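# Analysis of the macromolecular model
Chain residues, written in single-letter form:
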Amino acid sequence: RAVWDLRLQRQQQRSSVSNGGSSSSSGGARWQAIPLSDDHKPERPDEQLRIVLNDGRVQQMTDRSGKGVGPFRVWFKQLDYPGLAMSRAFGDTPCRRIGVTVEPELYVHRLTPQDELLVVASDGVWEYLSNEQVVEIAGRAGSAESAARRVVEAAEAAWRAVDGGQYVDDITAVVVRAAACRAGGGGGAVSKL
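How each quantity is defined
Residues numbered from 1 in each chain as written. Predicted model: local features only at pLDDT ≥ 70, side-chain atom pairs only at ≥ 80, totals over all residues. Heavy atoms only, no water. Helix = DSSP H or I, 4+ residues; strand = E, 2+ residues; numbered from the N terminus. Buried < 20%, exposed > 50% of the residue type's maximum accessible area, 1.4 Å probe, protein only. Phe/Tyr/Trp six-rings, centres within 6.5 Å; stacked < 30°, edge-to-face > 60°. pLDDT = per-residue confidence, 0-100. Contact = heavy atoms within 4.5 Å. Pairing = 2+ DSSP bridges. Axes fitted to C-alpha atoms, helices over the stretch in contact; angles between N-to-C directions. Salt bridge = Lys/Arg side-chain N within 4 Å of Asp/Glu carboxyl O. Core = buried A, V, L, I, M, F, W, Y, C linked by side-chain atoms within 4.5 Å.

## Section: the overall build of the protein chain
Helices and strands together make up the secondary structure of the protein chain, namely five helices and nine strands. Listing every helix and strand of the protein chain by position from the N terminus yields β-β-β-α-β-β-β-β-α-α-α-β-α-β. Residues classed as buried in the protein chain amount to 40% of the 193 residues present.

Encoded structure:
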């Protein structure tokens, strides 16, 4: 699974935010989430096409009644193997025969003075938290360290609420405050569950 980068821009209160994804933060400012990457999920149309063209199939696991459960996975066409829940991965050598690739998607973004925060997080964060929720959490925190910790804590709470605490995926968040970096300070922090 790809790591997500999320750029947060602080908008002046008088400016209009065109998407519905902005959320209020303390200090009277608004935050706008700008995703800089996209998940490598097998059901994404371009990813699914590559897998199908390589004699793989994309489907969910099924319960006893035949109902699809859980995330979509990559399988060999005639085998219930390997069941990988991502379409790009390091390792997983047998999956290369059915279209899983190690090739990354590259996104280039030139930082602007409006860029305030950068959030890089593992899939455990994004499974149950939207970009907008992460914006609200990170934007309200006073420091990069506090922002990273709060994002991880919120993601853990979301996993526990959905899955009853039986399973929590890996949850890691890195937050960089651009203003602190521009001023010559560290400005970045990592938090991990």
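## Topic: the packing of aromatic side chains
When we look at a pair of aromatic rings, we describe it by the centre distance and by the angle of the planes. One pass over the full model with this rule turns up three aromatic pairs. With centroids separated by 5.9 Å and ring planes inclined at 5 degrees, the aromatic side chains of Phe76 and Tyr81 adopt a geometry described as stacked. On the basis of relative accessible area, Phe76 is assigned to the buried category, the value being 12%. Here Tyr128 and Trp159 contribute two aromatic rings whose centre-to-centre distance is 4.9 Å and whose plane-to-plane angle is 80 degrees, an arrangement assigned as edge-to-face. Taken together, the residues span a long stretch of sequence, with Tyr128 in the loop between helix H2 (123-126) and helix H3 (131-140) and Trp159 in helix H4 (residues 144-163) at a distance of 31 residues.

## What to know about the confidence of the model for the protein chain
For the protein chain, the average pLDDT comes to 80, and 77% of its residues sit at 70 or higher. Within the protein chain, strand E2 (residues 23-24) has the poorest average pLDDT of any element, 25, and helix H1 (residues 45-53) the best, 98. Confidence over residues 1-5 falls short of pLDDT 50; this stretch has 27 contacts with residues more than four positions distant or in other chains. The low-confidence segment residues 7-28, where pLDDT is below 50, has 60 contacts with residues more than four positions distant or belonging to other chains.

## Observations concerning the sheet that holds strand E4 (residues 56-62)
In space, the three strands of this open sheet follow the order E4-E5-E6, with antiparallel pairing throughout. On the outer flanks of this sheet lie E4 and strand E6 (82-84), each paired with one strand and no other. Strand-to-strand twist across the sheet, computed as the mean angle between neighbouring axes with direction ignored, equals 45 degrees. In terms of strand pairing, strand E5 (residues 68-76) meets E6 through two bridges, oriented antiparallel. By the bridge assignment, Val74 is partnered in E6 with Leu84. The strands that H1 touches are E4 and E5; relative to E4, the one it contacts most, it runs at about 110 degrees.

## What to know about the pattern of salt bridges
Under the counting rule described, the total for this entry stands at eleven salt bridges. The closest approach of N and O atoms between Arg44 and Glu105, which form a salt bridge, is 2.8 Å. With a gap of 61 residues between them, Arg44 in the loop between strand E3 (30-35) and H1 and Glu105 in the loop between E6 and strand E7 (115-121) connect regions that are remote in the sequence. Across the pair Asp80 and Arg57 runs a salt bridge, and its minimum N-O distance is 2.6 Å. In this pair, Asp80 sits in the loop between E5 and E6 while Arg57 sits in strand E4, placing the two residues 23 residues apart along the sequence. What emerges from the salt-bridge pattern is a single network uniting Asp38, Arg44, Asp46, Glu47, Arg50, Arg88 and Glu105.

## With respect to the nonpolar core
Membership of the largest hydrophobic core comes to 23 residues, with the highest contact counts inside it found for Val119, Val125, Val134 and Val175. Among the secondary structure elements, those contributing two or more residues to this core are E3, E7, H2, H3, H4 and strand E8 (172-177). With eight residues, H4 is the single largest residue contributor to this core. Membership of the second largest hydrophobic core comes to nine residues, among which are Ile51, Val74, Phe76 and Ala89.

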